[in-house]
Amino acid sequence: MRRYRFGRIAAPLALAYAALVVALGVVALVTRDPALLRRLVAGEWDPREVPFIWWVELLVVAAGLLQGWAYWQALRGRAAGALTSRGRRVALLRAALYAGVVLVLVARLPIPYAWWMGVLSGLLQLLVVWLYPLVLAPVLSRAWRLVALVGGTLSAVSLIATSVAYWFDLAALMRIGTFGGLIEFVGLLWLVPVLVGQARDPRWSRTTVWMGAVSGVMSFVSPSSYSYMSLSGEVNYALVYHMLLGAVSVFGVVWEARSAHELANPVPRAPLVRPAPERAAARPWPLAAVAVALPLIPAAVNLAQGTVLWIGPRGEIERFLREETGSAAIMTWFALDVLVGVGAPAVLILIAVVRRTRPLLRVTTNALALAAVIGAVSFFTYEPDPNEESLYRGMLIYPEALLNRGEDGGLRSGVSPLWYAAALGASALILTFLYGAAPKRRPLHHLLAVAAALCVVPAADLARGPVTTAEDCSPGDSWAYEEEPPPPTGERAFVCAVRTGRTFAFAATTPDQVLLAHGRRLCDAYTRDDRRELARLRVNAESLASTLAGICPRADAAVKAERVAEDQEFEEWEAEEQRKCDAAPRHRPLVPPARSSVLKEPVWPEGSLAMYEETDDGEDPAEVYAKAADNGLVVSGPGHLVVTTDSDLHVCVTLETYTRRPPVETKGWDHVVEVGYRSSSGRMVLSDGLSGTELPDLSLHGRKGHYRIRVHFAWVPWKGDKYGTQRLLIMAYPANGDKVVTYRKPARSR
C-alpha cells in the first residue's frame, strides 16, 4: 500500500467492497434470493429474468471480486514519491483521464441518469482524444496520430449526439450518431493507435496496454441490445452472458486509471532503440508453395459451387455472434467469413513466407491454427435443420446472393468447414516445420563430454542457491518498529530492486545468483554505454540505473548525482514557497485577539484541513458531512469542520481566537464564510492525515461549547506564476448559532 499515493485509502475500500460482495453472496446462497447481490454487482436484474441458480451466483460473486480489484486499481493513485513536472499536456491528459474514471464510478451510484452526463462524458472524451496524439508524438508516426484523432473525434461526437438523441427522442440523430452501426469500428480507429503508442512508450507497462486491448475486445463483442425473458424458471444462458458481461466490463476504467497513474512515470532521456525483427532462414520453395496453395483448394470448390462463404449460417459460433453480440462483431465475422471463403489466408501465408520475420510467422501460424479450430467447432456443433430455418435466420446478416441454391431449390451454404479446417491446419503445421525455432543441435561427442563432466560434478554445485522473495525485501508494518529499518545495500539492494520492481521479467523462484549474474552483465554494458547491447536485452539505460545502483559503481554515481539534483531542486522550490508567504500581506486585527498564530512555514495539505470530535447525539460525523451543503470553502456540522484548499499548492495560514465577535473583514479576500461549530472536547485542531499537517488549537483556552468559525481565503499573486499561492485566515470566537453566512463569494474559480 505504501507504494501508491492513496494506497492506504484505496486498499480498505476495495477490501470492504469485496467483503460485502462475499457476504451478499452467502446471503443469496442461503436465502436463495440474489436480488441484493445482483443489484450491487450487476445492476437491476430481476430474478424472473435470470432465476436463482447457485453457480450463477458464484459467477456474480467472482465478477464482484473483479470489480473490487478494479476499484483498487482506480483509487490507489500513482506510485508514491514526489511528482516532478511533466509538462502541461501530460498534466491535462492525466486530469482528463481521472475525470473520466470519476464519471464511470459516479454512474454506478444509485442516482438517476441525466442526458447531460453523456454529453459531459463525450466532451471529456474529446479532450482525451486530442491530448493523446500530442503526448504520444515522440513514439507515434503522424499517420497513426491522424487516424487516432479522426477516429476518436468521431467517437466522441457520436457519444454526444446519441446522448442528446436518446433524451429528446430524435431517431434521425440517433442513426447519424451511431454511423449506421459502425461506431465500434470508429472507436477502434482511435483505440488501436493509442495502444500502439503506449506499447512503444516506456512510461506505460505491458499490463496497462493489455488492459486497454481487453477493454476494446469486450466493448466490441458487447451486445447493442437484447430483449429476452425467462419466465419458465429455467436458466437462460444468453441472459447470464449479458449479465456477467456487464458486471466484468471494468477493464476500460482500469485502463484509463492505470494510464493516468503511469503518466507520472519519468520520461526517458533517450528513446528506446528497437532491434530489427529476426528473420528465419530461407527454405526450399516447394513446401512453402504447398502451404500457400492449401487454403485455395476449398475456396476453389466453394467458388465452383457458387458461394464465397467459409462457414455461413452454421454452428454455435455463428449463432452466438449473430444473436448475442452487436453489429460490429457481426460485420467483422461476416467479413472474415468471406475473406477465408475466397482463400485470403493464402495471401497472408505468402507474405509471411516472403518476409520470413519471426513475429509475422508467429502471428500467421497462430491465426491459421485458430481459424482451423473455429472451422472444426462450427462443423461439429452444426445440426442441419430440415426446414432450413437456421439458414433463413442466417440471411439476417448473409445476403441471399451469397447462399446458393441447389437443383431442388433449397439453400446451400458451401463446402464443409471441416475441409477449410484441414487445409488451414496443414498450412500452419508446414509453416511450423519450415520456420519454427528449433533447439540448437550439438555434435554427439560434445553431448557425451558434457554428460561425463556432469557425472563428476559434486551435487552441491547443482544447488539452486538462496531465493530472496519480495516479502523478504519489505520491512513489514512500520508500526512494529521503533525506527524504520535501514534500506538494503549492495547485492541485496539489487536483488530487492528486481523482486519488487518491473525492470526485469524474472520468475519469483529464480535464484539470487542468476539475478546477480544478469545484473553484472548489464552493469558492464551500462558502464560502456553500449546502447546496442542494452537494446538487445530490452532495457533502457536511464531507467536501469536505479536498479543497478547496488552492484554497479557507475550506476550508483548516476543515481546519487540525480538525487542531489532533485534535492537541490526541491530545496529551491521550498525556498520559493517560503518567499511567497513572506511576501503575502500580514493580517492586522481590528480588535486584539486572545491568541494569534502565524505559521512561519507554509503548509501543504494533500487533502482538506479537517477536525473531528465525538458527539453526544451519536451521529456519524462522516454522514453529517456528506449531507451538509458545500459552499466551496468550509463545511461544518456536529463533530466536524472541513476547510477546503487547493491540494496542488501551499497555504499561508494565520489563526486567531477571540473572546467576542470580531468585525467582519472582506477587503483583500476572495472568499469569506462563517459557520457554527460545537466542540465537545475543548480541543479544536485542524489537520490533514495524508500530509501529516496539524495546525495550532483554535479553542479559547480549552473552552467547550459553541463557537463561530470565520474562514477567509485569498489567492496571493506571484511573479511568473499563474496562481501564486494560497492565503488562509481562520477566526474563532465563542457564540451560538449554526447558520452559514457567506460574506464574500469568489468572483471566479481557479
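What counts and what doesn't
Residue positions are given per chain, counting from 1 as you read along its sequence in written order. Note on the predicted model: pLDDT of at least 70 is required for a residue's local features to be given, and 80 or more for side-chain atom pairs to be given and counted; whole-chain, interface and lining totals, by contrast, use all residues. By convention in this description, side-chain values take in all heavy atoms of the structure and omit both hydrogens and water. We define a salt bridge as a contact between a side-chain nitrogen of Lys or Arg and a carboxyl oxygen of Asp or Glu at a distance within 4 Å. Working definition: a disulfide is two cysteine sulfur atoms within 2.5 Å of each other. Runs of E in the DSSP output that reach at least two residues are strands. Runs of H or I that reach at least four are helices, and both are numbered from the N terminus. Under the scheme applied here, a residue whose accessible area is under 20% of the maximum for its type counts as buried, over 50% as exposed, and between as partly exposed, the area being computed with a 1.4 Å probe on protein chains only. All axes here are fitted lines through C-alpha atoms, helices being fitted over the stretch that makes contact, and every angle between N-to-C directions spans 0 to 180 degrees. Our angle categories are set so that under 35 degrees counts as roughly parallel, over 145 as roughly antiparallel, 65 to 115 as roughly perpendicular, and the remainder as oblique. Any two residues whose heavy atoms approach within 4.5 Å are treated as being in contact. Ten residue types, Ala, Val, Leu, Ile, Met, Phe, Trp, Tyr, Cys and Pro, are classed as nonpolar, four, Asp, Glu, Lys and Arg, as charged, and the remainder, Gly among them, as polar. Here pLDDT means the predictor's own confidence in every residue, given as a number from 0 to 100.

A. Seen up close, the pattern of salt bridges. On inspection of all chains with the given rule, the structure shows 8 salt bridges. One salt-bridge network, in which partners are shared between bridges, spans Glu 674, Arg 708 and Arg 710.

B. Examining the state of the cysteines more closely. According to the stated counting rule, one finds 2 disulfides in the structure shown. Note on cysteine connectivity: Cys 523 is disulfide-linked to Cys 552, with sulfurs 2.3 Å apart. Taking the sign of the S-S torsion, about 80 degrees here, the bridge from Cys 523 to Cys 552 comes out right-handed. Highlighted residues: Cys 523 in helix 23 (residues 512–527) and Cys 552 in the loop between helix 25 (541–548) and helix 26 (553–583), separated in sequence by 29 residues. When its relative accessible area of 11% is taken as the criterion, Cys 523 is described as buried.

C. Quick look at the packing of helix 22 (residues 490–500) against helix 23. Contact geometry for helix 22 and helix 23: axes closest at 10 Å, N-to-C directions at 100 degrees. Here helix 22 is positioned roughly perpendicular relative to helix 23, judged by the angle of their axes. Contact residues: helix 22 offers Glu 491, Phe 494, Val 495, Val 498 and Arg 499, while helix 23 offers Asp 512, Leu 515, Leu 516, Gly 519 and Arg 520. A class-by-class count of the residues in the contact of helix 22 with helix 23 yields 5 nonpolar, 1 polar and 4 charged.

D. Geometry of the packing of helix 12 (residues 285–293) against helix 16 (residues 345–355). Running from N to C, helix 12 and helix 16 point in directions that differ by 155 degrees, and their axes come no closer than 8 Å. Here helix 12 is positioned roughly antiparallel relative to helix 16, judged by the angle of their axes. The residues of helix 16 that touch helix 12, namely those facing Ala 288, Ala 291 and Val 292, are Ala 346, Ile 349, Leu 350 and Val 353. Considering only residue class, the contact of helix 12 with helix 16 consists of 7 nonpolar, no polar and no charged.

E. Up close: the confidence of the model for the protein. Here the protein averages 76 in pLDDT, while 74% of its residues score no lower than 70. Across residues 224–233, where pLDDT falls below 50, the model places 20 contacts with residues more than four positions away in sequence or in other chains. A low-confidence stretch, residues 444–463 stays under pLDDT 50, and its non-local contacts, those more than four residues away or across chains, total 2 contacts.

F. Layout of unusual backbone geometry. With a phi close to 60 degrees, Arg 32 is a non-glycine residue in the positive phi region. Positionally, Arg 32 belongs in the loop between helix 1 (7–31) and helix 2 (35–41). A residue is classified by how much of its surface remains accessible, and Arg 32, at 57% relative accessible area, is exposed. Its identity is not glycine, yet His 701 carries a phi of approximately 55 degrees, on the positive side. You can see His 701 is positioned in the loop between strand 8 (693–694) and strand 9 (705–718).

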